[in-house]
Amino acid sequence: MPLPDAAAVASQIAAFEAELAQSKTSRDASAVRDRYLGRKNSVVASWMQMIAAAPADQKRAIGRFANELKQAIEERWTRYLETSTQIDRPAGAVDVTLPGRLPLLGHRHPLTIIRDQLEEIFTRMAFTVVEGPEAEDEWHCFDALNMPEEHPARDMQDTLYLASPLPGDSASDHRTLLRTHTSSMQIRYMQAHTPPVRIVVPGRVYRRDDLDLTHSPAFAQIEGLAVGEGLSLSDLKGTLLEFARQMFAPTLRLRFRPSFFPYTEPSAEIDLSCRQCEGAGCAMCKKTGWIELGGCGMVHPAVFEAVGYDPERYTGFAWGIGIERIAILRYQVEDIRLFYENDLRFLEQFPY
Ligand code: DAH
(Lines give C-alpha, C1' and ligand atoms only; values in the text may rest on other atoms or scores of the structure.)
Protein backbone atom coordinates (compact mmCIF):
# COMPACT_ATOMS: atom_id res chain seq x y z
CA MET A 1 0.00 0.00 0.00
CA PRO A 2 1.40 3.46 -0.82
CA LEU A 3 2.18 5.70 2.17
CA PRO A 4 -0.75 7.87 3.29
CA ASP A 5 -0.81 11.45 2.09
CA ALA A 6 -3.35 14.27 1.83
CA ALA A 7 -4.75 12.93 -1.46
CA ALA A 8 -5.19 9.46 0.02
CA VAL A 9 -7.04 10.95 3.01
CA ALA A 10 -9.42 12.81 0.70
CA SER A 11 -10.12 9.80 -1.51
CA GLN A 12 -10.75 7.50 1.48
CA ILE A 13 -13.22 10.01 2.92
CA ALA A 14 -14.99 10.25 -0.42
CA ALA A 15 -15.14 6.46 -0.74
CA PHE A 16 -16.53 6.16 2.80
CA GLU A 17 -19.25 8.72 2.09
CA ALA A 18 -20.21 7.02 -1.16
CA GLU A 19 -20.51 3.60 0.48
CA LEU A 20 -22.49 5.05 3.34
CA ALA A 21 -24.89 6.73 0.92
CA GLN A 22 -25.45 3.42 -0.83
CA SER A 23 -26.17 1.37 2.26
CA LYS A 24 -29.84 0.54 2.54
CA THR A 25 -30.13 -0.61 6.14
CA SER A 26 -28.42 0.40 9.35
CA ARG A 27 -26.78 -3.03 9.32
CA ASP A 28 -25.17 -2.18 5.96
CA ALA A 29 -24.10 1.18 7.30
CA SER A 30 -22.51 -0.42 10.35
CA ALA A 31 -20.59 -2.78 8.10
CA VAL A 32 -19.27 0.20 6.13
CA ARG A 33 -18.27 1.85 9.37
CA ASP A 34 -16.46 -1.30 10.49
CA ARG A 35 -14.56 -1.54 7.22
CA TYR A 36 -13.17 1.94 7.77
CA LEU A 37 -12.95 2.30 11.53
CA GLY A 38 -12.96 -1.27 12.87
CA ARG A 39 -10.25 -2.25 15.26
CA LYS A 40 -8.87 -4.96 12.98
CA ASN A 41 -8.17 -4.93 9.25
CA SER A 42 -10.01 -1.64 8.69
CA VAL A 43 -8.61 1.17 6.56
CA VAL A 44 -7.79 3.28 9.62
CA ALA A 45 -6.30 0.32 11.51
CA SER A 46 -3.98 -0.53 8.63
CA TRP A 47 -2.83 3.09 8.45
CA MET A 48 -2.15 2.99 12.16
CA GLN A 49 -0.07 -0.14 11.64
CA MET A 50 1.92 1.66 8.96
CA ILE A 51 3.07 4.17 11.57
CA ALA A 52 4.96 1.44 13.41
CA ALA A 53 6.47 0.04 10.22
CA ALA A 54 7.42 3.42 8.69
CA PRO A 55 10.96 4.80 8.63
CA ALA A 56 11.59 7.14 11.58
CA ASP A 57 11.53 10.31 9.51
CA GLN A 58 8.07 9.52 8.12
CA LYS A 59 6.33 8.41 11.32
CA ARG A 60 5.04 11.85 12.22
CA ALA A 61 3.66 12.57 8.80
CA ILE A 62 1.94 9.22 8.55
CA GLY A 63 0.63 9.55 12.08
CA ARG A 64 -0.87 12.90 11.17
CA PHE A 65 -2.63 11.61 8.08
CA ALA A 66 -3.88 8.51 9.86
CA ASN A 67 -5.36 10.60 12.67
CA GLU A 68 -6.81 13.09 10.22
CA LEU A 69 -8.59 10.28 8.40
CA LYS A 70 -9.80 8.71 11.61
CA GLN A 71 -11.25 11.98 12.85
CA ALA A 72 -12.87 12.80 9.53
CA ILE A 73 -14.55 9.42 9.26
CA GLU A 74 -15.70 9.47 12.87
CA GLU A 75 -17.17 12.90 12.32
CA ARG A 76 -19.05 11.79 9.20
CA TRP A 77 -20.27 8.68 10.96
CA THR A 78 -21.64 10.69 13.87
CA ARG A 79 -23.35 13.05 11.45
CA TYR A 80 -24.82 10.07 9.58
CA LEU A 81 -26.22 8.64 12.81
CA GLU A 82 -27.82 11.94 13.64
CA THR A 83 -29.38 12.53 10.27
CA SER A 84 -30.13 9.11 8.74
CA THR A 85 -33.80 8.21 8.51
CA GLN A 86 -33.32 4.63 9.72
CA ILE A 87 -35.35 3.12 6.89
CA ASP A 88 -35.25 -0.44 8.21
CA ARG A 89 -37.16 0.12 11.41
CA PRO A 90 -40.36 1.81 12.47
CA ALA A 91 -40.06 5.43 13.50
CA GLY A 92 -39.05 5.79 17.12
CA ALA A 93 -37.83 2.20 17.55
CA VAL A 94 -34.40 1.53 19.00
CA ASP A 95 -31.95 0.04 16.52
CA VAL A 96 -30.18 -2.62 18.55
CA THR A 97 -27.79 -3.42 15.70
CA LEU A 98 -25.99 -0.10 16.02
CA PRO A 99 -22.53 -0.47 17.47
CA GLY A 100 -22.10 1.03 20.92
CA ARG A 101 -20.21 4.27 21.06
CA LEU A 102 -16.88 3.48 22.63
CA PRO A 103 -15.67 5.91 25.26
CA LEU A 104 -12.20 7.33 24.65
CA LEU A 105 -9.69 5.50 26.80
CA GLY A 106 -7.12 7.54 28.67
CA HIS A 107 -3.57 6.25 28.84
CA ARG A 108 -0.16 7.09 30.24
CA HIS A 109 2.06 9.80 28.79
CA PRO A 110 5.09 8.33 26.95
CA LEU A 111 7.46 9.80 29.55
CA THR A 112 5.43 8.14 32.30
CA ILE A 113 5.60 4.84 30.44
CA ILE A 114 9.40 5.10 30.32
CA ARG A 115 9.65 6.16 33.96
CA ASP A 116 7.49 3.23 35.04
CA GLN A 117 9.68 0.84 33.04
CA LEU A 118 12.84 2.30 34.58
CA GLU A 119 11.41 1.86 38.06
CA GLU A 120 10.45 -1.70 37.28
CA ILE A 121 13.87 -2.64 35.90
CA PHE A 122 15.77 -1.15 38.82
CA THR A 123 13.34 -2.55 41.38
CA ARG A 124 14.05 -5.99 39.99
CA MET A 125 17.75 -5.25 40.59
CA ALA A 126 16.88 -4.61 44.26
CA PHE A 127 16.95 -0.80 44.11
CA THR A 128 14.33 1.14 46.09
CA VAL A 129 12.52 4.00 44.36
CA VAL A 130 12.58 7.25 46.34
CA GLU A 131 11.66 10.83 45.51
CA GLY A 132 12.90 14.16 46.76
CA PRO A 133 12.06 17.85 46.70
CA GLU A 134 12.39 19.86 43.50
CA ALA A 135 12.88 23.06 45.50
CA GLU A 136 16.26 22.54 47.11
CA ASP A 137 19.00 24.44 48.90
CA GLU A 138 22.50 25.05 47.65
CA TRP A 139 24.07 22.77 50.22
CA HIS A 140 22.28 19.61 49.08
CA CYS A 141 22.50 20.49 45.41
CA PHE A 142 26.16 21.64 45.33
CA ASP A 143 28.22 21.97 48.52
CA ALA A 144 27.67 18.48 49.91
CA LEU A 145 28.39 17.10 46.43
CA ASN A 146 31.92 18.48 46.62
CA MET A 147 31.04 21.61 44.65
CA PRO A 148 31.89 24.54 46.97
CA GLU A 149 30.99 28.12 46.06
CA GLU A 150 34.19 28.79 44.12
CA HIS A 151 34.24 25.41 42.38
CA PRO A 152 34.35 25.90 38.61
CA ALA A 153 31.91 23.03 38.12
CA ARG A 154 29.26 25.15 39.80
CA ASP A 155 29.30 27.46 36.77
CA MET A 156 28.60 24.54 34.49
CA GLN A 157 25.05 24.43 35.79
CA ASP A 158 22.86 27.34 34.93
CA THR A 159 20.71 27.43 37.98
CA LEU A 160 17.25 28.89 38.65
CA TYR A 161 17.35 30.44 42.13
CA LEU A 162 14.23 30.95 44.25
CA ALA A 163 13.45 34.23 45.98
CA SER A 164 12.45 32.88 49.39
CA PRO A 165 13.82 30.26 51.80
CA LEU A 166 12.26 26.82 51.95
CA PRO A 167 9.61 26.29 54.64
CA GLY A 168 11.25 25.11 57.84
CA ASP A 169 14.76 25.76 56.53
CA SER A 170 16.80 26.96 59.47
CA ALA A 171 20.05 27.20 57.53
CA SER A 172 19.00 30.45 55.94
CA ASP A 173 22.53 31.18 54.74
CA HIS A 174 21.93 28.65 51.98
CA ARG A 175 20.26 30.08 48.92
CA THR A 176 17.29 28.12 47.64
CA LEU A 177 16.94 26.93 44.08
CA LEU A 178 15.21 24.52 41.75
CA ARG A 179 17.40 21.41 41.75
CA THR A 180 19.59 21.17 38.66
CA HIS A 181 20.01 17.43 39.05
CA THR A 182 18.58 14.57 41.07
CA SER A 183 22.04 14.07 42.65
CA SER A 184 20.88 16.30 45.55
CA MET A 185 18.76 13.38 46.69
CA GLN A 186 21.89 11.23 47.16
CA ILE A 187 22.76 13.56 50.02
CA ARG A 188 19.27 13.69 51.56
CA TYR A 189 18.97 9.91 51.47
CA MET A 190 22.41 9.19 52.93
CA GLN A 191 21.83 11.73 55.72
CA ALA A 192 18.75 9.81 56.77
CA HIS A 193 19.96 6.23 56.29
CA THR A 194 22.97 4.09 57.10
CA PRO A 195 24.59 1.80 54.50
CA PRO A 196 23.92 -0.39 52.65
CA VAL A 197 22.12 1.96 50.25
CA ARG A 198 20.51 1.00 46.94
CA ILE A 199 18.20 3.66 45.56
CA VAL A 200 16.98 5.15 42.32
CA VAL A 201 15.51 8.64 42.27
CA PRO A 202 13.35 9.60 39.32
CA GLY A 203 12.25 13.22 39.18
CA ARG A 204 12.14 16.55 37.53
CA VAL A 205 15.12 18.92 37.36
CA TYR A 206 15.45 22.51 36.17
CA ARG A 207 18.05 24.50 34.27
CA ARG A 208 18.23 27.91 32.76
CA ASP A 209 17.99 26.61 29.21
CA ASP A 210 15.85 27.66 26.25
CA LEU A 211 13.42 25.16 24.80
CA ASP A 212 14.72 23.78 21.52
CA LEU A 213 15.03 20.50 19.66
CA THR A 214 17.15 18.87 22.36
CA HIS A 215 16.85 21.12 25.45
CA SER A 216 14.14 21.99 27.92
CA PRO A 217 14.29 24.18 31.05
CA ALA A 218 12.51 21.37 32.92
CA PHE A 219 13.22 17.72 32.28
CA ALA A 220 13.44 14.46 34.18
CA GLN A 221 16.36 12.37 35.36
CA ILE A 222 16.79 9.10 37.14
CA GLU A 223 19.58 9.05 39.67
CA GLY A 224 21.07 5.83 41.02
CA LEU A 225 23.13 5.32 44.16
CA ALA A 226 24.55 2.17 45.73
CA VAL A 227 26.77 2.25 48.84
CA GLY A 228 28.25 -0.70 50.67
CA GLU A 229 31.48 -2.45 51.50
CA GLY A 230 33.59 -3.53 48.56
CA LEU A 231 31.47 -2.09 45.72
CA SER A 232 33.58 -1.50 42.63
CA LEU A 233 33.47 0.05 39.19
CA SER A 234 32.59 -3.31 37.70
CA ASP A 235 29.41 -3.37 39.82
CA LEU A 236 28.49 0.00 38.34
CA LYS A 237 29.20 -1.17 34.82
CA GLY A 238 27.30 -4.42 35.27
CA THR A 239 24.27 -2.60 36.71
CA LEU A 240 24.08 -0.11 33.87
CA LEU A 241 24.69 -2.73 31.19
CA GLU A 242 21.88 -4.86 32.54
CA PHE A 243 19.58 -1.83 32.67
CA ALA A 244 20.43 -0.88 29.07
CA ARG A 245 19.82 -4.40 27.81
CA GLN A 246 16.46 -4.60 29.58
CA MET A 247 15.42 -1.18 28.34
CA PHE A 248 16.62 -1.42 24.76
CA ALA A 249 18.00 -4.64 23.33
CA PRO A 250 20.05 -7.61 24.52
CA THR A 251 22.60 -6.94 21.81
CA LEU A 252 23.25 -3.40 22.93
CA ARG A 253 26.75 -2.27 23.86
CA LEU A 254 27.75 0.22 26.53
CA ARG A 255 30.80 2.47 26.57
CA PHE A 256 32.27 4.37 29.51
CA ARG A 257 34.09 7.53 28.41
CA PRO A 258 36.39 9.13 31.03
CA SER A 259 34.85 12.37 32.29
CA PHE A 260 34.70 14.62 35.33
CA PHE A 261 32.09 15.19 38.01
CA PRO A 262 33.10 16.66 41.38
CA TYR A 263 31.06 14.05 43.27
CA THR A 264 32.58 10.97 41.65
CA GLU A 265 36.10 9.67 41.17
CA PRO A 266 36.68 8.17 38.71
CA SER A 267 33.85 9.61 36.58
CA ALA A 268 32.55 8.54 33.21
CA GLU A 269 30.09 9.49 30.54
CA ILE A 270 27.74 6.61 29.61
CA ASP A 271 27.38 5.96 25.87
CA LEU A 272 25.04 3.48 24.19
CA SER A 273 25.71 1.89 20.84
CA CYS A 274 23.34 3.50 18.32
CA ARG A 275 20.45 1.21 17.44
CA GLN A 276 19.42 3.22 14.44
CA CYS A 277 22.59 2.60 12.42
CA GLU A 278 24.18 -0.24 14.43
CA GLY A 279 27.36 1.78 14.70
CA ALA A 280 27.68 2.72 11.03
CA GLY A 281 27.00 6.40 11.80
CA CYS A 282 23.71 8.25 11.28
CA ALA A 283 22.08 11.59 12.11
CA MET A 284 20.73 10.32 15.42
CA CYS A 285 24.22 9.57 16.80
CA LYS A 286 25.84 12.43 14.87
CA LYS A 287 27.76 9.87 12.82
CA THR A 288 29.67 8.56 15.83
CA GLY A 289 27.85 5.25 16.34
CA TRP A 290 27.33 6.15 20.02
CA ILE A 291 24.65 8.04 21.93
CA GLU A 292 25.30 9.81 25.23
CA LEU A 293 22.95 8.81 28.01
CA GLY A 294 24.31 10.47 31.17
CA GLY A 295 27.09 10.46 33.74
CA CYS A 296 28.28 8.06 36.42
CA GLY A 297 31.17 7.16 38.66
CA MET A 298 32.41 5.96 42.04
CA VAL A 299 31.18 8.17 44.89
CA HIS A 300 33.86 10.69 45.92
CA PRO A 301 35.13 10.32 49.53
CA ALA A 302 34.28 14.00 50.16
CA VAL A 303 30.61 13.20 49.54
CA PHE A 304 30.72 10.42 52.14
CA GLU A 305 32.35 12.84 54.59
CA ALA A 306 29.59 15.40 54.01
CA VAL A 307 26.93 12.90 55.08
CA GLY A 308 28.96 11.31 57.90
CA TYR A 309 29.80 7.99 56.20
CA ASP A 310 33.27 6.53 56.75
CA PRO A 311 35.07 6.73 53.38
CA GLU A 312 37.64 4.18 54.55
CA ARG A 313 34.94 1.61 55.08
CA TYR A 314 32.39 2.30 52.37
CA THR A 315 32.52 2.58 48.61
CA GLY A 316 29.67 3.37 46.29
CA PHE A 317 28.66 4.07 42.73
CA ALA A 318 26.19 6.53 41.27
CA TRP A 319 24.73 7.63 37.98
CA GLY A 320 22.34 10.19 36.56
CA ILE A 321 20.61 9.79 33.22
CA GLY A 322 17.97 11.77 31.38
CA ILE A 323 14.52 10.20 31.10
CA GLU A 324 13.60 12.17 27.96
CA ARG A 325 16.88 10.96 26.45
CA ILE A 326 15.78 7.38 26.99
CA ALA A 327 12.30 8.08 25.57
CA ILE A 328 13.84 9.75 22.52
CA LEU A 329 16.00 6.71 21.89
CA ARG A 330 13.27 4.19 22.65
CA TYR A 331 10.63 5.80 20.47
CA GLN A 332 12.99 7.42 17.96
CA VAL A 333 11.39 10.81 18.51
CA GLU A 334 13.76 13.52 17.39
CA ASP A 335 12.22 16.62 18.98
CA ILE A 336 12.04 16.81 22.80
CA ARG A 337 9.31 19.48 22.60
CA LEU A 338 6.79 16.90 21.39
CA PHE A 339 6.76 15.43 24.88
CA TYR A 340 5.52 18.68 26.42
CA GLU A 341 3.01 20.01 23.88
CA ASN A 342 0.09 17.75 24.79
CA ASP A 343 -0.81 17.27 21.14
CA LEU A 344 -3.16 14.29 21.12
CA ARG A 345 -2.09 13.32 17.60
CA PHE A 346 1.36 12.66 19.07
CA LEU A 347 0.29 11.23 22.44
CA GLU A 348 -2.24 8.82 20.92
CA GLN A 349 0.65 7.00 19.27
CA PHE A 350 1.71 5.57 22.67
CA PRO A 351 -1.52 3.94 23.84
CA TYR A 352 -0.20 1.67 26.58
N1 DAH B 1 24.31 15.10 37.95
C2 DAH B 1 24.82 14.88 36.62
C3 DAH B 1 24.03 15.71 35.64
O4 DAH B 1 23.09 16.32 36.01
C5 DAH B 1 24.70 13.43 36.23
C6 DAH B 1 25.52 12.54 37.11
C7 DAH B 1 26.84 12.30 36.84
C8 DAH B 1 24.96 11.94 38.22
C9 DAH B 1 27.60 11.45 37.61
C10 DAH B 1 25.71 11.07 39.02
C11 DAH B 1 27.04 10.84 38.70
O12 DAH B 1 25.21 10.46 40.09
O13 DAH B 1 27.75 10.00 39.47
O14 DAH B 1 24.34 15.78 34.49
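Cut-offs and rules
- Residues numbered from 1 in each chain as written.
- Predicted model: local features only at pLDDT ≥ 70, side-chain atom pairs only at ≥ 80, totals over all residues.
- Heavy atoms only, no water.
- Near = heavy atom within 4 Å.
- Areas by Shrake-Rupley, 256 points an atom, 1.4 Å probe, with all protein chains shown as cover.
- Helix = DSSP H or I, 4+ residues; strand = E, 2+ residues; numbered from the N terminus.
- Nonpolar A, V, L, I, M, F, W, Y, C, P; charged D, E, K, R; others polar.
- Buried < 20%, exposed > 50% of the residue type's maximum accessible area, 1.4 Å probe, protein only.
- Contact = heavy atoms within 4.5 Å.
- Phe/Tyr/Trp six-rings, centres within 6.5 Å; stacked < 30°, edge-to-face > 60°.
- Lys NZ or Arg CZ within 6 Å of the ring centre and 35° of its normal.
- Domains from an automatic or database assignment.
- Buried area = accessible area lost by both parts, 1.4 Å probe.
- Salt bridge = Lys/Arg side-chain N within 4 Å of Asp/Glu carboxyl O.
- Polar contact = N/O pair within 3.5 Å; in protein donor to acceptor, adjacent residues only side chain to side chain.
- Pairing = 2+ DSSP bridges.
- Axes fitted to C-alpha atoms, helices over the stretch in contact; angles between N-to-C directions.
- Disulfide = S-S within 2.5 Å.
- Core = buried A, V, L, I, M, F, W, Y, C linked by side-chain atoms within 4.5 Å.

Draft legend 1. Region of the structure containing the site of the ligand. Close to the ligand lie 15 residues, the nearest being H181, Q186, R207, E223 and Y263. When the ligand is considered free in solution it has 360 Å² of accessible area, and contact with the protein chains removes 91% of it. Secondary-structure elements contributing two or more residues to the shell around the ligand are strand 5 (218-228), strand 8 (290-299) and strand 9 (315-322). A per-class count over the shell around the ligand returns five nonpolar, eight polar and two charged.

Draft legend 2. View of the environment of L213. Tracing the sequence through the fold places L213 in the loop between strand 4 (197-206) and strand 5. Taking relative accessible area as the criterion, L213 reaches 44% and is therefore assigned partly exposed. Here the alpha-carbon distance between L213 and E341, two residues 128 residues apart in the chain, equals 13 Å. The contacts of L213, once residues within four sequence positions are left out, are E334, D335, I336 and R337.

Draft legend 3. Spotlight on the packing of aromatic side chains. Taken as a whole, this structure holds 13 aromatic pairs when the rule is applied. By the ring-pair criterion, three or more aromatic residues cluster together here, those being F122, F127, F243, F317 and W319. Against the face of F65 rests R64, its NZ or CZ located 5.1 Å from the ring centre. Taking the ring centre of F127 as reference, the NZ or CZ of R198 above it sits at 4.4 Å.

Draft legend 4. Up close: the domain arrangement of the protein chain. On domain assignment, one finds that the protein chain holds domain 1 (6-83) and domain 2 (110-347). Taken together, the contact pairs four residues of domain 1 with four residues of domain 2. Per-residue buried area on domain 1 facing domain 2 is highest for A56, R60 and N67; these three make up 68% of the total on that side. Viewed at the interface, domain 2 and domain 1 are joined by zero salt bridges. Connecting domain 1 to domain 2 are zero residue pairs in polar contact (both at pLDDT 80 or more). Per-class residue counts for the side of domain 1 that touches domain 2 are one nonpolar, one polar and two charged.

Draft legend 5. Focus on the side chain of T264. For T264, the location among the structural elements is in strand 7 (residues 264-273). On the basis of relative accessible area, T264 is assigned to the buried category, the value being 3%. Engagement of the side chain of T264 in a polar contact is seen with the side chain of S267, the distance being 2.7 Å. Apart from residues lying up to four places away in sequence, T264 is in contact with C296, G297, M298, V299 and H300.

Draft legend 6. Region of the structure containing the sheet that holds strand 6 (residues 254-261). With respect to topology, seven strands assemble into an open sheet ordered 1-4-5-9-8-7-6, the strand pairing being mixed. Either end of the sheet is taken by a strand with one partner, and the two such strands are strand 1 (128-129) and strand 6. When strand 5 meets strand 9, the two strands line up antiparallel, connected through eight bridges. Note that in strand 9 the partner of A226 across the bridge is F317. Set on the sheet, helix 5 (residues 110-124) makes contact with strand 1, strand 4, strand 5 and strand 9; between it and strand 4 the angle comes to about 165 degrees.

Draft legend 7. Here's a closer look at the state of the cysteines. A full pass over the atoms with the stated rule returns zero disulfides. The closest cysteine sulfur to the non-disulfide-bonded C296 is located on C141, 19 Å from its own sulfur. C296 gets classed as buried once you look at its relative accessible area, which sits at 2%.

Draft legend 8. Examining the nonpolar core more closely. Counting 49 residues, the largest nonpolar core has L118, F122, L240, F243, I270, W319 and I326 as its most contacted members. Ignoring sequence-local partners within four residues, the contact set of L118 consists of I222, F243, M247, I323 and I326. Within the second largest apolar cluster, 25 residues are counted, among which are I187, Y263, Y314 and A318.

Draft legend 9. Molecular detail of helix 8 (residues 184-192). By the burial criterion, the buried members of helix 8 are S184, M185, Q186, I187, Y189 and M190. Where the residues of helix 8 are buried, they touch strand 2 (135-137), helix 6 (138-141), strand 4, strand 5, helix 10 (301-307) and strand 9.

Draft legend 10. Broad picture of unusual backbone geometry. P195 connects to P196 through a cis peptide bond whose omega is 5 degrees. Examined against the element boundaries, P196 turns out to sit in the loop between helix 8 and strand 4. In the segment running from E265 into P266, the intervening peptide bond is cis, with an omega of -5 degrees. Within the secondary structure, P266 is located in strand 7. Located in the positive-phi region is K287, a residue other than glycine, with phi close to 65 degrees. Looking at where K287 falls in the secondary structure, it is placed in the loop between strand 7 and strand 8.

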